[in-house]
Amino acid sequence: LILLDSLLQEIGVQTIFGQYDDGILTGKGKVLMKDGSSREGWFQHGYFHGPVRGSFPDGVLNYIGHYQAGIPCGMVWTSVRGGGWIVGRVDKRGQHDGPEIAFLYPDFTTALFGEFKEGTLVKAREARLSYIEMKNGILCPTFEFVSERQKEN
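Remember, it's a predicted structure, so these values are computed and weren't measured experimentally.

Rules used throughout
Residues numbered from 1 in each chain as written. Predicted model: local features only at pLDDT ≥ 70, side-chain atom pairs only at ≥ 80, totals over all residues. Heavy atoms only, no water. Helix = DSSP H or I, 4+ residues; strand = E, 2+ residues; numbered from the N terminus. Contact = heavy atoms within 4.5 Å. Pairing = 2+ DSSP bridges. Axes fitted to C-alpha atoms, helices over the stretch in contact; angles between N-to-C directions. Buried < 20%, exposed > 50% of the residue type's maximum accessible area, 1.4 Å probe, protein only.

### Digging into the side chain of Ser38
So, point 1. Examined against the element boundaries, Ser38 turns out to sit in strand β3 (residues 38-44).
So, point 2. Residue contacts for Ser38: discarding those within four places in its chain leaves Lys30, Val31, Leu32, Arg53, Gly54 and Ser55.

Put into structure tokens, the structure is as follows:
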């Protein structure tokens, strides 16, 4: 239990609220971070499991995604300081890492679509949001590259 406490403190967790069943977090819960932000979602066997949303201290949304056994998975939206969102599938460590990830500008139309390494954009092309659908409670966008011909017009 002491190792768990130090690990949670290391990643910035201040307090966890929720219902305990035989000493294990189960059902709806909330994690408050040391920076005042929070994440709300469902716990299963003591871990976030299912849809999770995060907020800054002022209540503004800063995270939308799914967790599986305590780790972000699948399509995740993470807000960026100054505006915009990083949108795409995360790796097994819960980070935006790999191809087909977008930086979506605050207009929710214009994007840089390409490759990220540990949450940082490494190469991309200009794109536009062309379609969006709901899958497992998460909005999943599709992007279309802006061709060179379109840029000239």
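### Concerning the sheet that holds strand β4 (residues 47-55)
So, point 1. With antiparallel pairing, the eleven strands of this open sheet are ordered in space as β1-β2-β3-β4-β5-β6-β7-β8-β9-β10-β11. The sheet is open, and its two edges are formed by β1 (13-21) and β11 (138-145), each paired on a single side. Between one strand and the next, the sheet's axes are offset by a mean angle of 25 degrees, whatever the strand orientation.
So, point 2. Relative to strand β5 (residues 61-68), β4 runs antiparallel, the two sharing six bridges. Of the residues in β5, the one forming a bridge with Arg53 is Ile64.

### Notes on the pairing of strand β2 (residues 24-33)
So, point 1. The pairing of β1 with β2 spans eight bridges and is antiparallel. Residue pairing in the sheet places Val13 in a bridge with Met33 of β2.
So, point 2. Between β1 and β2, which pair antiparallel in sequence order, lie two residues; one of them, Asp22, sits at a positive phi of approximately 55 degrees.

### Quick word on the environment of Val122
So, point 1. Within the fold, Val122 resides in strand β10 (residues 120-135).
So, point 2. Exposure remark for Val122: the relative accessible area of 47% places this residue in the partly exposed category.
So, point 3. For the pair formed by Val122 and Pro99, sequence separation is 23 residues and the distance between their alpha carbons is 9.8 Å.
So, point 4. Setting aside residues up to four positions removed in sequence, Val122 forms contacts with Glu115, Phe116 and Lys117.

### Focus on the pairing of β10
So, point 1. Looking at chain direction, strand β9 (residues 110-117) and β10 are connected through eight bridges and run antiparallel. The residue bridging Ala111 from the neighbouring strand is Ala127, located in β10.
So, point 2. Hairpin connection from β9 to β10: two residues lie between these consecutive antiparallel strands, with Glu118 at a positive phi of about 50 degrees.
So, point 3. Direction of pairing for β10 relative to β11: antiparallel, over a ladder of eight bridges. Within β11, the position partnered with Glu133 by the bridge is Cys140.
So, point 4. With antiparallel pairing between neighbouring strands as the criterion, β10 and β11 make up a hairpin whose turn holds two residues, including Asn136 at a positive phi of roughly 50 degrees.

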